[in-house]
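These are the residues of each chain, in order.
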Amino acid sequence: MLRTDDGVRLNAAHTPSTRTDLGIVMAHGFTGSWRDRTARRIVHVLSGYGGVVAFDFRGHGRSGGETTVGDLEILDLDAAVRHARVAGYTKIAVVGFSMGAAVAVRHAGLRGGVDAVVSVSGPARWYYRGTKPMRQVHWAIERPFGRLAARVVKRTRIARGEWDPIPMPPHEAAALISPAPLLIVHGDQDAFFPLEHAHQLYAGARDPKELWIEPGYGHAETAAPPELIRRIGKWISSNLS
C-alpha cells in the first residue's frame, strides 16, 4: 500500500527481477488495474529486464480516492517511483499505457526523478473526441449515469467537476523530459487516438527520443503482444545499462 503526497492510499505490487539495479514502474490505462490479466502479463514480461512496481491509480481497483483522469495522477506515479527508489533501484523507467502514458509524460516533465519514459498509446492533448471510443469515454466522465456505470462495471470512481486549472497537455510536458530518453509507441490500428497524437508528442519532445509506429497494433495493454513488450524491455535495458 502506497500513500501519495495528498494522502490517497494506492494498492500496489512489487515483482523483483534478477537485475537488481533497474526498476520499472508500470502505469495502467483508464478503468484499468494492475490486477487485470493483461497487466499481469505485461508485468511478467517486463520483470525479465528489471524489478516492476505496478499499482492502481486513484479511483481504480482497490486504491482509494477518485480519478481525475490524468491530472492528480502524477502524484500517484510519484509515490510509485519513490517506492521503487526505497526498494533499492538506482535506475527507474516508467512505462505508461493510454491515460497512464499521459501521466508518465507529465510526471517526467513536471516532477522528474526518472531515468527513462515509455509512452504507449498515449494522447498528445486533452478533450479529444475525434473517435467513437473517445466520445464514449467523455460520456462516462461527464455524465452522472456514465460515472455510475464506470463505478459499477469497471470499479472506477470518477471525480465530478471540470479541471481547474487545466493541466499542462502531454505534448508540452514532453519538451521537459530531456535529458531522460523518451520512447513513444503507437499502433496504426489504435481506435482511440490516431497516429497524429504520437507525431505531436514526438514533435514536442527533445532528444533523446524515439518513435515506434507499430503496424497492426491497436490500443494500450489489451492489444499489446508479448513481443512488443519484450522490445520495450530491451529498449529500457539498453538505455539504462
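Presented here is a report on the structure given in the accompanying data block. Please read these numbers as outputs of a predicted model, since none were measured by experiment.

## Describing the pairing of strand β4 (residues 22-27)
Consideration 1: Most of β4 sits inside the fold, with six of its six residues counted as buried.
Consideration 2: Here β4 shows two buried faces, one formed by Leu22, Ile24 and Met26 and the other by Gly23, Val25 and Ala27.
Consideration 3: Taken together, the six bridges between β4 and strand β6 (residues 91-97) define a ladder with parallel strand orientation. Considered in β6, the bridge of Val25 is made with Val94.
Consideration 4: Two elements, β4 and strand β5 (residues 51-55), share four bridges in a ladder whose sense is parallel. Residue pairing for β5: Val25 is matched across the bridge by Val53.
Consideration 5: Once you follow β4 into helix α1 (residues 37-46) and on to β5, the crossover reads as right-handed.

## Points about the layout of surface pockets
Consideration 1: Empty space within the largest pocket amounts to approximately 1200 Å³.
Consideration 2: Lining the largest pocket are 46 residues, with Phe30, Val69, Met134, Val137 and Ile141 positioned closest to its centre.
Consideration 3: It is helix α4 (residues 132-142) that provides the largest number of residues to the lining of the largest pocket, a total of nine residues.
Consideration 4: Each residue belonging to the lining of the largest pocket can be placed in one class, and the counts come to 24 nonpolar, 14 polar and eight charged.

## A word on unusual backbone geometry
Consideration 1: For the bond running from Ser178 to Pro179, omega is 20 degrees, close enough to zero to count as cis.
Consideration 2: Looking along the chain, the bond that leaves Asp207 and enters Pro208 is cis, with omega of 0 degrees.
Consideration 3: In the Ramachandran plot, Ser98 falls in the positive-phi region, its phi being about 55 degrees despite a non-glycine side chain.
Consideration 4: By the element assignment, Ser98 lies in the loop between β6 and α3 (99-110).

## Regarding the nonpolar core
Consideration 1: Counting residues in each nonpolar core, the largest one holds 42 residues, and the members touching the most others are Val25, Phe55 and Leu77.
Consideration 2: It is helix α2 (residues 73-86) that provides the largest number of residues to this core, a total of six residues.

## Overview of the pattern of salt bridges
Consideration 1: This model, assessed by the stated rule, comprises 12 salt bridges.
Consideration 2: With its nearest N and O atoms 2.8 Å apart, the salt bridge here joins Asp76 to Arg58. With Asp76 in helix α2 and Arg58 in the loop between β5 and α2, this pair connects stretches of sequence that are 18 residues apart. Both residues of the pair, Asp76 and Arg58, count as buried.
Consideration 3: What emerges from the salt-bridge pattern is a single network uniting Asp5, Asp78, Arg82 and Arg111.

## Some remarks on the packing of α1 against helix α9 (residues 226-239)
Consideration 1: At a minimum axis distance of 9 Å, the contact between α1 and α9 shows a crossing angle of 40 degrees. It follows from the interaxial angle that α1 and α9 lie oblique. Judged by the twist between their axes, the crossing of α1 over α9 is right-handed. Between α1, through Arg41, Ile42, Val45 and Leu46, and α9, the contact on the second element is made entirely by Pro226, Ile229, Arg230 and Gly233.
Consideration 2: Its residues placed into classes, the contact of α1 with α9 shows five nonpolar, one polar and two charged.

Criteria and thresholds
- Residues numbered from 1 in each chain as written.
- Predicted model: local features only at pLDDT ≥ 70, side-chain atom pairs only at ≥ 80, totals over all residues.
- Heavy atoms only, no water.
- Buried < 20%, exposed > 50% of the residue type's maximum accessible area, 1.4 Å probe, protein only.
- Helix = DSSP H or I, 4+ residues; strand = E, 2+ residues; numbered from the N terminus.
- Pairing = 2+ DSSP bridges.
- Right-handed = clockwise from strand over helix to strand, strands pointing away.
- 1 Å grid on protein atoms, 1.4 Å probe; cavity = no way out; pocket = protein on both sides within 12 Å on 5 of 7 lines; lining within 4 Å.
- Points joined across faces, edges and corners; volume = space filled by probe spheres on them.
- Nonpolar A, V, L, I, M, F, W, Y, C, P; charged D, E, K, R; others polar.
- Core = buried A, V, L, I, M, F, W, Y, C linked by side-chain atoms within 4.5 Å.
- Salt bridge = Lys/Arg side-chain N within 4 Å of Asp/Glu carboxyl O.
- Axes fitted to C-alpha atoms, helices over the stretch in contact; angles between N-to-C directions.
- Parallel < 35°, antiparallel > 145°, perpendicular 65-115°, else oblique.
- Left-handed = near helix turned anticlockwise from the far one by under 90°.
- Contact = heavy atoms within 4.5 Å.

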